[in-house]
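Structural overview
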Amino acid sequence: MTDRTARPWTRMRQTTAGELLAEFLGTAILIILGCGSVAVAVVGLPGSGRQTVDFGPANWLIIAWGWGLAVVFAVYVAGGVSGAHINPAVTLAWAIRRKFPWAKVLPYWAAQVVGAFAGAAVVLAVYHNAIDAFLASQNPPTGRDGSVGTFSIFATFPAEYFGNGVWGPLVDQIVGTAILVAIIAAIIDARNQPPSANLAPFVVGLVVVAIGLTYGTNAGYAINPARDLGPRLLAFFAGWGDAAFPGNGEWFSSYWWIPIVGPLVGGVVGVLVYDFFIGSVLAVRPAPGAEPTPPPGRVPGSADGEAGDGARAEGDVLPETDQTRSGRQVQRSE
């Protein structure tokens, strides 16, 4: 509830504007750490003098764990204010299942994309020397325009084996995001087996690591429209040209829309799959250890169905239980 006696800036932070600021910062941290890990693998280690041997596939572990930990800390930063969607696919999925107001969807999306753009700008500011040195070391030396290798620090592109096909990368993004959102729905569902001791952000980060290790090479596992679009815009304005927009390379063209549409579709698919197979079952299933619902006319705790002194008659409202409280907590957390 907004404190009307507070200063205007404080009052703004207590409203939807405060949630948007949290989404902005959370998404910016996601990109600063996530794209930062890609920069380490692509240009940082090779040009730093610290990589004495070629790590080869191990660089993919840097990227996978970098993105996973980026999600962990972004959620810890923004979760208490906005729920830390930090992903338009998550925002849309929660709105579809009526756990999030539709009026906030577009503002959340805008905050996420702008936050991702700002985070990418920080990465470029820190790593521009490494990027330029890497480009100068190529044979022949090249610039940023059209350099897909250095562009990959910021946004995604499809694997060569897809050629210029659309369906392969699109299906990959739908499946990857569906996995992400379905498991997030399970992790934060208090009726299921949620992590305790505030470990949910860490477990969500592990989900991102798992997706990177199992599906990442297909299309760079954007699985987040803001994560791709914000840095893609930054890369376009910073000189990467057609590689950023419309998303052209030797084996792909006009790729920019796939990391946007695929995750949005996948997020909806993921949450509907979870609710159909698990959520709808949990909604009608007694909580573990809970007493079965008594037959009509019988009061919980009575041996023979008679209310006795001080008991509530049928139709009275029973006291709030842990289960009802946890059900409201699910709605707030989602």
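Residues numbered from 1 in each chain as written. Predicted model: local features only at pLDDT ≥ 70, side-chain atom pairs only at ≥ 80, totals over all residues. Heavy atoms only, no water.

Things to note about empty space enclosed by the protein
Rules: Points on a 1 Å grid over protein atoms alone make up a cavity when a 1.4 Å probe fits among them but cannot get out, and a pocket when they form an open set with protein on both sides within 12 Å along at least five of seven lines; lining residues each have an atom within 4 Å of a point. Grid points are joined across faces, edges and corners, and a volume is the space filled by probe spheres set on the points. Helix numbers and strand numbers start at the N terminus; a helix is a DSSP run of H or I with at least 4 residues, a strand a run of E with at least 2. Amino acids are sorted into nonpolar (Ala, Val, Leu, Ile, Met, Phe, Trp, Tyr, Cys and Pro), charged (Asp, Glu, Lys and Arg) and polar (every other residue, Gly among them).
The tally for this structure, following the rule as stated, stands at one cavity of 30 Å³ or more. Approximately 30 Å³ is the volume found for the largest cavity. Together, W65, G68, L69, V72, F202, G205, L206 and V209 line the largest cavity. Secondary structure elements with two or more residues in the lining of the largest cavity: α3 (58–82) and α8 (200–219). Class assignment for the residues of the lining of the largest cavity results in six nonpolar, two polar and no charged.

Some words on the packing of aromatic side chains
Inclusion rule: Geometry of aromatic contacts follows a simple scheme: Phe, Tyr and Trp rings, the Trp one being its six-membered ring, pair when their centres are within 6.5 Å, and the pair is stacked under 30 degrees between planes, edge-to-face over 60, tilted otherwise. For the exposure calls, accessible area comes from a 1.4 Å probe over protein chains only, and a residue counts as buried if that area is under 20% of its type's maximum, exposed if over 50%, partly exposed in between.
Taken as a whole and assessed by the stated rule, the structure comprises 12 aromatic pairs. Relative to F277, the ring of F276 lies with its centre 5.0 Å away and its plane at 85 degrees, an arrangement referred to as edge-to-face. You can call F276 exposed: its relative accessible area is 60%. These aromatic residues form a ring-pair network of at least three members: F157, W251, F252 and Y255.

As for the nonpolar core
Quick reminder of the rule: Buried Ala, Val, Leu, Ile, Met, Phe, Trp, Tyr and Cys residues form a nonpolar core when they are joined through side-chain atoms within 4.5 Å.
Among the nonpolar cores identified, the biggest contains 64 residues, and W67, W94, I153 and F154 are the most heavily contacted of them. Per element, the largest residue contribution to this core is 10 residues, and it comes from helix α2 (residues 16–48). Core analysis: the second largest hydrophobic core is formed by six residues, L92, L229, I260 and L264 among them.

Notes on the packing of α3 against α8
Here is the rule we go by: In this analysis an axis means a line fitted to C-alpha atoms, helices contributing only their contacting stretch, and an angle means the value between N-to-C directions, from 0 to 180 degrees. Orientation categories follow fixed angle ranges, with anything under 35 degrees roughly parallel, anything over 145 roughly antiparallel, 65 to 115 roughly perpendicular, and all other angles oblique. The hand of a helix crossing depends on one turn: near helix anticlockwise from the far one by less than a right angle means left-handed, and clockwise means right-handed. Contacts between residues were defined by any pair of non-hydrogen atoms, one from each residue, lying within 4.5 Å.
Orientation of α3 relative to α8, taken along the N-to-C sense of each, is 150 degrees, at an axis distance of 8 Å. By the angle between their axes, α3 is roughly antiparallel relative to α8. In the packing of α3 onto α8, the handedness of the crossing is right-handed. Counted together, W60, L61, A64, W65, W67, G68, V71, V72, V75 and Y76 of α3 and P201, F202, V204, G205, L206, V208, V209, G212, L213, G216 and T217 of α8 form the full contact between these two elements. Tallied by class, the residues present in the contact of α3 with α8 amount to 16 nonpolar, five polar and no charged.

Notes on the side chain of T150
As for its placement among the helices and strands, T150 is situated in helix α6 (residues 148–151). On the basis of relative accessible area, T150 is assigned to the buried category, the value being 0%. Once you skip the residues sitting within four places of it in the chain, T150 turns out to touch V43, I131, F134, L135 and W240.

Notes on the pattern of salt bridges
So the rule is basically this: A pair is scored as a salt bridge if a Lys or Arg side-chain nitrogen falls within 4 Å of a carboxyl oxygen belonging to Asp or Glu.
Per the counting criterion, the structure on display carries five salt bridges. The closest approach of N and O atoms between K104 and E19, which form a salt bridge, is 3.1 Å. Of this pair, K104 sits in the loop between α4 (88–96) and α5 (105–136) while E19 is found in helix α2, placing the two residues 85 residues apart along the sequence. Using a relative accessible area of 18% as the deciding quantity, one classes E19 as buried. The partner of R232 in a salt bridge is D228, and the shortest N-O contact between them spans 2.8 Å. Residue R232 and its partner D228 are both found in helix α9 (residues 225–240); the two are separated by four residues, about one turn of the helix. For the residue pair R232 and D228, the accessibility class agrees, reading buried in each case.

With respect to the environment of V71
Mapped onto the fold, V71 is located in helix α3. Look at V71 and you get buried, because its relative accessible area is 10%. Taking the C-alpha atoms as reference, V71 lies 8.8 Å from G26; in sequence the two are 45 residues apart. Ignoring sequence-local partners within four residues, the contact set of V71 consists of L30, V204, G205 and V208.

Structural notes on α9
The criterion, for reference: Every helix has an expected span of 1.5 Å times one less than the residues it contains.
The terminal C-alpha atoms of α9 lie 19 Å apart, and with 16 residues this falls more than 12% below the ideal 22 Å at 1.5 Å per residue. Within α9, 12 of the 16 residues are buried, which leaves it mostly tucked inside the rest of the structure. The set of residues buried in α9 consists of P225, A226, R227, D228, L229, G230, P231, R232, L234, A235, A238 and W240. Among the structural elements, α2, α3, α4, α5, α6 and α10 (258–284) are those in contact with the buried residues of α9. At the C-terminal side of α9, G241 shows a positive phi close to 55 degrees.

So, the environment of G80
Of note, G80 is situated in helix α3. Looking at G80, the relative accessible area reads 80%, which means it is exposed. Spatially, the C-alpha atom of G80 lies 8.8 Å from that of A22, the residues being 58 residues apart in sequence.

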